[in-house]
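# Fold and geometry: a report
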Amino acid sequence: MATLDSKVPEGPIKDKWTNYKNHIELVNPANKRHIDVIVVGTGLAGGSAAATLAELGYNVKAFAYQDSPRRAHSIAAQGGINASKNYMGDGDSDYRLFYDTVKGGDYRSREANVYRLAEVSGNIIDQCVAQGVPFARDYGGLLDNRSFGGVLVSRTFYAKGQTGQQLLLGAYSAMNRQIARGKIEMFNRHEMLDVVKIDGKARGIIARNLITGELERHSAHAVVIATGGYGNVYFLSTNAMGSNVTAAWKVHKRGAFFANPCFTQIHPTCIPRSGDYQSKLTLMSESLRNDGRIWVPAKLEDAKAIQEGRLKPTQIPEEDRDYYLERRYPAFGNLVPRDVASRAAKERCDAGYGVNATGEAVYLDFASAIERYGKEQAKLKGLNNPSKEEIIKLGQDIIKAKYGNLFQMYEKIVAENPYETPMMIYPATHYTMGGVWVDYNLMTTVPGLYCIGEANFSDHGANRLGASALMQGLADGYFVLPYTIGDYLADDIQTGKIPTNTPEFDAVENEVKERIEFFVNNKGSKSVDYFHKKLGKIMWDKVGMSRNEKGLKEAMAEIKALREEFWKDVNVPGNANEMNAELEKAGRVADFLELGELFAKDALTRNESCGGHFREESVELEGEQKGEAKRNDEEYAFVSAWEYKGEPADAVLHKEHLEFNDIELKQRSYK
Ligand SMILES: Cc1cc2nc3c(=O)[nH]c(=O)nc-3n(C[C@H](O)[C@H](O)[C@H](O)COP(=O)(O)OP(=O)(O)OC[C@H]3O[C@@H](n4cnc5c(N)ncnc54)[C@H](O)[C@@H]3O)c2cc1C
């Protein structure tokens, strides 16, 4: 059994990373030319890693199932990326970013990793500016910042509502330079379907060419998984439709432990679901909570009238509105972290105060920000006694400059003008904090197998603060992995090319082939989506925003039964030797059907509420925090890392005990 050694270096937290880098093995540039690295996934994490490793001189093979790295899910990131630059002079520092991230994650992340993340965050911004990423600038031309939930400083760098896209273009241009030089061989439209181990080390992958259906063998001295998160286990989520768990799950089955699968983020500001035939949910960026105020009617009869279309939100006077986040959390107000905001919205809606026909929506209102900005602009422009219309027009122009594309997107989807009437929002699955377990070096429990970005479990604990995923992905890819992987590869400079005509490659390829043949030959009666939707419903109802023992046990049994039905009755049209989107989906849903059960098992095992994991049995009953989530540090201050043993129900739990030497474990309060 692999041991769970986090390999955190000794010494004071602020020196760990520097000391570590000073003492690792280096590979000389001439030897890097003899070393191959496979990077699976070319979103922000994989793209930045591939570009940097190639720039260093390694031979990189990069894989993505889309037709171009530019289409990775990272493109969807809207709001921004954090860095402790303290450009606003509001007291930010590496320590504060470290502190906010550990606290935001409800003290379930590894201190040393988070400190390193804060420490390198500033480098990311410099690197991206050098690549030409058009971050927003203030009136003096310096980089601008805004704030995100869970913090009291402005440290979020952004490019309108397109931060992910702009960062991805930066990483992609860095990759392109290396593709042109031949240092990166890019395999678009290729899906990794398994990993190959030789003598216990990761030495290659089996990939399917999604256009021809051909199975390919690729070898390397190390393999990096950068394949994103598994939020689509819920079927409906804000993730890209193709986002999946396959690569992470396959490496789990080959010996990589899977950590904290139950830590999911439900994002508070999504456009509510509109019906049963939807396959995707749309996020409205968290940055909107800087200026938008969240409320529901204070009176049940008003809520009912709104649900029935008899009353409009603009007809409800101030005194009859319940700005429940400002009421419950005066210190952070609308900028409480996502888990807190999501649960508060659910609580109001469950109590009957929801504001759309299904009762599953709350308002996000910009009226007061529009008026405030309008008055400020009128002053700046020297307008005496401006009319209300003039003020509103001026205010709307400012809101448009800050969030214009998000407002336009909302209007296109909901057919209401959010400048004139409040937006409707509701929580939706958005991000997964769990993932493949990695040590301080970002290496999994399989030697030579690394995992970075959203696919790993590191850094965010039980809850991710906004704008921290991009920071972690790029920190891993540009500034952490390139060092740590060198330390491992230094032993491989004389290994030579890894052959692919070996029994290990034969065996894994055969397993992959058999599974594909099963799918196309099964000729069952139900589509892949039928099973995915059913799984999503079980997950949302019983393993969603809040969980209890009874529901989790039911979920485990129901998912197992659904999985058995899937293998008997799934129907995959078409052939294996052609482009076949249903076949691709079948493989991914098969993996979701196993992950879902482990997810519920993990949630069942963790009998405490923390961050994105709210156990109904574990709630504060007394005092100022009455009704809030209750953490249990005595028994649960650990990472749960699961070892694969066949059926998900049989997975074996390993605990990585978390030590907090630099941050005091405290009740998380945003009041
Ligand atoms: C709507 C939305 C908005 C967001 N906004 C923000 C934000 O403002 N700030 C922030 O910090 N975070 C944000 N996030 C989160 C953030 O976007 C993601 O966590 C991050 O982009 C993940 O990056 P990644 O590189 O790990 O994975 P991804 O970008 O998901 O890339 C995965 C890559 O893996 C490839 N891949 C997957 N499986 C396979 C396989 N089996 N074989 C081959 N290739 C494979 C894909 O082709 C792709 O290249 C947002 C998320 C969403 C959904």
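Each remark here, short or long, concerns the structure printed above.
Figured I'd write up the structure that's included with this text. Along each chain, the written sequence defines residue order, and numbers are assigned to residues from 1. Reporting of local features is limited, given that this is a predicted model, to residues whose pLDDT is at least 70; pairs of side-chain atoms are given and counted only at 80 or more, and all residues count toward the totals for whole chains, interfaces and linings. Just so you know, side-chain values use all the structure's heavy atoms and leave hydrogens and water out.

Moving on, we get to the overall build of the protein chain. Helical segments are the DSSP runs of H or I of at least four residues, strand segments are the runs of E of at least two, and each set is numbered from the N terminus. Within the protein chain, the secondary structure is distributed over 18 helices and 19 strands. Over its C-alpha atoms, taken along the principal directions, the protein chain stretches across nearly 80 × 55 × 50 Å. Residue contacts follow a heavy-atom distance rule, with two residues in contact if any of their heavy atoms lie within 4.5 Å. Taking as baseline every contact in the protein chain between residues at least 6 positions apart, the subset at least 24 positions apart corresponds to 75%. As displayed, the protein chain offers around 25,800 Å² of accessible surface, 49% of which is attributable to carbon and sulfur atoms. For the purpose of counting charges, residues Lys and Arg are taken to be positive, whereas Asp and Glu are taken to be negative. His and the chain ends are not included. For charged residues, the charge sits on one atom: NZ in Lys, CZ in Arg, CG in Asp, CD in Glu. Positive and negative side-chain charges of the protein chain, numbering 84 and 92 respectively, have mean locations separated by a distance of 2 Å. Surface accessibility in these figures is a Shrake-Rupley result with a 1.4 Å probe; residues are shielded only by whichever protein chains are displayed.

Across the sheet, which stays open at both edges, the five strands sit in the order β11-β15-β14-β12-β13 with antiparallel pairing between neighbours. Across the chains shown, the open sheet's two edge strands, defined by having one partner strand only, are β11 (264-270) and β13 (321-322). Two strands make a pair as long as DSSP finds a minimum of two bridges between them. Across five bridges, β11 lies against strand β15 (residues 423-432) in antiparallel orientation. Each bridged residue has a counterpart across the sheet, and for isoleucine 266 the counterpart in β15 is threonine 429.

Moving on, we come to empty space enclosed by the protein. Put simply, the grid is 1 Å and covers the protein atoms alone, a cavity is a trapped set of points that fit a 1.4 Å probe, a pocket is an open set with protein on both sides within 12 Å along at least five of seven lines, and lining residues have an atom within 4 Å of a point. Grid points are joined across faces, edges and corners, and a volume is the space filled by probe spheres set on the points. Inspection of every chain in the model, using the stated rule, returns three cavities of 30 Å³ or more. One number sums up the size of the largest cavity: a volume of about 120 Å³. Around the largest cavity, the lining comprises 13 residues; the ones closest to its centre are Asp106, Glu628, Ala629, Gln667 and Arg668. Each residue gets one of three labels, nonpolar for Ala, Val, Leu, Ile, Met, Phe, Trp, Tyr, Cys and Pro, charged for Asp, Glu, Lys and Arg, and polar for the others, Gly among them. For the lining of the largest cavity, the residue count by class is four nonpolar, two polar and seven charged. Here the second largest cavity defines a volume of roughly 70 Å³. Lining the second largest cavity are Thr264, Gln265, Ile266, Asp339, Ser342, Arg343, Asn463, Met545, Gly611 and Gly612. Elements with a minimum of two residues in the lining of the second largest cavity: β11 and α10 (338-350).

A few words now on the packing of aromatic side chains. The relative placement of two aromatic rings is captured by the distance of their centres and the angle of their planes. Ring geometry is summarised as follows: Phe, Tyr and Trp rings, the Trp one being its six-membered ring, pair when their centres sit within 6.5 Å, and such pairs are stacked at plane angles under 30 degrees, edge-to-face over 60 and tilted between the two. Inspection of the entire model under this criterion finds 34 aromatic pairs. Judged by centre distance (5.8 Å) and plane angle (65 degrees), the rings of phenylalanine 518 and phenylalanine 519 are edge-to-face. The buried label applies to any residue whose accessible area, calculated with a 1.4 Å probe on protein chains only, is under 20% of its type's maximum; exposed applies above 50%, and partly exposed to all values in between. Judged by relative accessible area, phenylalanine 518 falls into the partly exposed class, the value being 28%. Through a chain of ring-to-ring contacts, the aromatic side chains of Tyr230, Tyr234, Trp249, Phe258, Trp540 and Phe599 assemble into a single cluster. A positively charged side chain is recorded as over a ring if its NZ (Lys) or CZ (Arg) lies within 6 Å of the ring centre. The angle to the ring normal must also be within 35 degrees. Over the face of the ring belonging to tryptophan 17 we find arginine 116, whose NZ or CZ atom lies 4.8 Å from the ring centre. The ring centre of phenylalanine 638 lies 4.8 Å from the NZ or CZ of arginine 606, which sits over that ring.

Working rule for helices: expected span equals 1.5 Å times residues minus one. A rise of 1.5 Å per residue sets the reference length of helix α17 (residues 581-605), with its 25 residues, at 36 Å; its end C-alpha atoms lie 36 Å apart and thus fit the reference within 8%. Of the residues flanking the start of α17, the one acting as N-cap is asparagine 580, its side-chain oxygen 3.2 Å from the backbone nitrogen of glutamate 582. For this analysis, a polar contact is any N or O atom pair within 3.5 Å, provided that within protein one partner can donate a hydrogen and the other can accept it, and provided that sequence-adjacent residues contribute only side-chain to side-chain pairs.

Here the focus is the site of the ligand. Looking at the ligand, there are 38 residues lining it, with Gln66, Ser74, Gly79, Met192 and Glu454 nearest. Looking at the shell around the ligand, the elements that each hand over two or more residues are α3 (44-56), β6 (190-198), β15 and α13 (469-489). Looking at the shell around the ligand, the element that brings in the most residues is β6, giving three residues. Its residues assigned to classes, the shell around the ligand shows 17 nonpolar, 18 polar and three charged. In these notes, residues near a molecule or strand are those with any non-hydrogen atom within 4 Å of it.

On to the sheet that holds strand β9 (residues 222-225), then. Strand order in the open sheet made by the five strands is β5-β2-β1-β9-β17, with parallel pairing throughout. Every other strand in the sheet has two partners, leaving β5 (184-187) and β17 (449-451) as the edge strands with one partner each. In this sheet, adjacent strand axes meet at a mean angle of 20 degrees when their direction is disregarded. Pairing geometry for β9 and β17, over three bridges, is parallel. Across the sheet, valine 223 pairs through a bridge with leucine 449, a residue of β17. Interaxial angles span 0 to 180 degrees and are taken between N-to-C directions of axes, which are lines fitted to C-alpha atoms, for helices over the stretch in contact. Of the strands in this sheet, β1 (36-40), β9 and β17 touch α13, which is tilted by about 155 degrees from β9.

Among buried residues, those of type Ala, Val, Leu, Ile, Met, Phe, Trp, Tyr and Cys that are joined through side-chain atoms within 4.5 Å constitute a nonpolar core. Counting residues in each nonpolar core, the largest one holds 150 residues, and the members touching the most others are Ile81 and Ile225. In terms of residues, this core owes the most to one element, α13, which gives 12 residues. Setting aside anything within four residues of it in sequence, one finds isoleucine 225 in contact with Val40, Met192, Ala247, Val251, Leu449, Tyr450, Cys451, Ile452 and Ala455. With 42 residues, the next largest nonpolar core counts Ile306, Ala341, Phe407 and Met545 among its residues.

This brings us to the packing of helix α7 (residues 246-253) against α17. Between two packed helices, what matters for the description is the angle formed by their axes and the separation of those axes. In the contact formed by α7 and α17, the axes pass within 9 Å of each other and the chain directions differ by 60 degrees. The two elements α7 and α17 cross, and the hand of that crossing is left-handed. Only Gly587, Arg588, Asp591, Glu594, Leu595 and Leu598 of α17 make contact with α7, whose side of the interface consists of Thr246, Trp249, Lys250, His252 and Lys253. Residues that form the contact of α7 with α17 fall into these classes: three nonpolar, three polar and five charged. Take the far helix as the reference: if the near one is turned anticlockwise from it by less than a right angle, the crossing is left-handed, and if turned clockwise, right-handed.

Here we come to the pattern of salt bridges. By definition here, a salt bridge exists when the distance from a side-chain nitrogen of Lys or Arg to a carboxyl oxygen of Asp or Glu is within 4 Å. The tally for this structure, following the rule as stated, stands at 58 salt bridges. A salt bridge links aspartate 322 to arginine 327, with the shortest nitrogen-to-oxygen separation between them at 2.9 Å. Judged by relative accessible area, aspartate 322 falls into the buried class, the value being 9%. Taking the shortest distance from any N to any O, the salt bridge between lysine 537 and aspartate 541 comes out at 2.6 Å. One end of the pair is lysine 537 and the other is aspartate 541, both in helix α15 (residues 528-542) and four residues apart, which spans about a single turn. You can call aspartate 541 partly exposed: its relative accessible area is 46%. A single network of salt bridges, built from pairs that share partners, joins Asp106, Arg108, Asp339, Arg343, Arg606, Glu608, Arg631, Asp633 and Arg668.

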